[in-house]
Amino acid sequence: MKSMIKKSILIALIFSIFACDVDSNCNTLNVDFVTFQTFTIKEGEEEQVQVIFDSIVSPESDSTFFQSDTLSIFELPLNPGSNQTSFYFYYGPFVDSIEFNYETRNAVDSPECGIDLEFVGMDTTFQTFDSLVIVNDTLKRTVNAPNIKLYIF
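In this report, we go over the structure that sits alongside the text.

The rules behind each value
- Residues numbered from 1 in each chain as written.
- Predicted model: local features only at pLDDT ≥ 70, side-chain atom pairs only at ≥ 80, totals over all residues.
- Heavy atoms only, no water.
- Core = buried A, V, L, I, M, F, W, Y, C linked by side-chain atoms within 4.5 Å.
- Buried < 20%, exposed > 50% of the residue type's maximum accessible area, 1.4 Å probe, protein only.
- Helix = DSSP H or I, 4+ residues; strand = E, 2+ residues; numbered from the N terminus.
- Contact = heavy atoms within 4.5 Å.
- Patch = residues over 30% accessible without salt bridge, like charges linked within 9 Å, V, L, I, M, F, W, Y side chains within 5 Å.
- Areas by Shrake-Rupley, 256 points an atom, 1.4 Å probe, with all protein chains shown as cover.
- Salt bridge = Lys/Arg side-chain N within 4 Å of Asp/Glu carboxyl O.
- Pairing = 2+ DSSP bridges.
- Axes fitted to C-alpha atoms, helices over the stretch in contact; angles between N-to-C directions.

### A short note on the nonpolar core
Line of reasoning, step 1. If you look at the biggest cluster of nonpolar residues, it comprises 26 residues, and the most contacted ones within it are Phe36, Ile56, Phe74, Leu76, Phe89, Phe100 and Leu150.
Line of reasoning, step 2. Of all the elements in the fold, those that place two or more residues in this core are strand 1 (33–42), strand 3 (51–53), strand 7 (73–77), strand 8 (84–91), strand 9 (94–110), strand 10 (114–127) and strand 12 (148–151).
Line of reasoning, step 3. Apart from the residues within four sequence positions on either side, Phe36 is in contact with Ser72, Ile73, Phe74, Leu76, Phe89, Ile98, Phe100, Pro146, Ile148 and Leu150.

### Overview of a nonpolar patch on the surface
Line of reasoning, step 1. A surface patch of nonpolar side chains, amounting to about 250 Å² of accessible area, comprises Tyr88, Tyr90 and Val95.
Line of reasoning, step 2. Here Tyr88 lies in strand 8.

### Observations concerning the side chain of Thr40
Line of reasoning, step 1. Looking at where Thr40 falls in the secondary structure, it is placed in strand 1.
Line of reasoning, step 2. Residue Thr40 is classed as buried on the basis of its relative accessible area, which comes to 10%.
Line of reasoning, step 3. Ignoring sequence-local partners within four residues, the contact set of Thr40 consists of Glu45, Glu46, Glu47, Val49, Ile152 and Phe153.

### Here's the deal with the sheet that holds strand 8
Line of reasoning, step 1. On the basis of which strands lie adjacent, the open sheet formed by 5 strands has the order 5-4-8-9-10 and antiparallel pairing. The open sheet is flanked by strand 5 (63–65) and strand 10, the only strands paired with a single partner. Averaged over neighbouring strand pairs, the angle between their axes works out to 30 degrees when direction is ignored.
Line of reasoning, step 2. Here strand 8 pairs with strand 9 via 8 bridges, running antiparallel. Bridge pairing in strand 9 places Thr85 opposite Phe100.

The following block contains the structure:
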């Protein structure tokens, strides 16, 4: 009988240890950057192209991104403290700009992980590129396509 009680206590103790194990997988799916891919149109077909950017700047952050870089796929951070972010793209004799607007929402994945910031409803309020297409306005890690296709002719 004592053996049975000891086994029961041991089993209960093991179950209580596993029951209190906290899930520490707090990797968020939300991202705070927008992904770009550059294209041109040749013979009526879309073709990915590399562009030499002298610099890309954002007046909201006073930051310079990708100084003298050749890019075809790249990411630029959005300002989490505002509902808009602007970027100026300097390349060769050209200067193009994009202004994004969006909403930020606080989301709680779990009490252990805390609050997570998500960007929703991303759109452009102004842009000067030859053409620009918003492929998706969802800023998530699970989306494998660029958010923005930039067409440079």
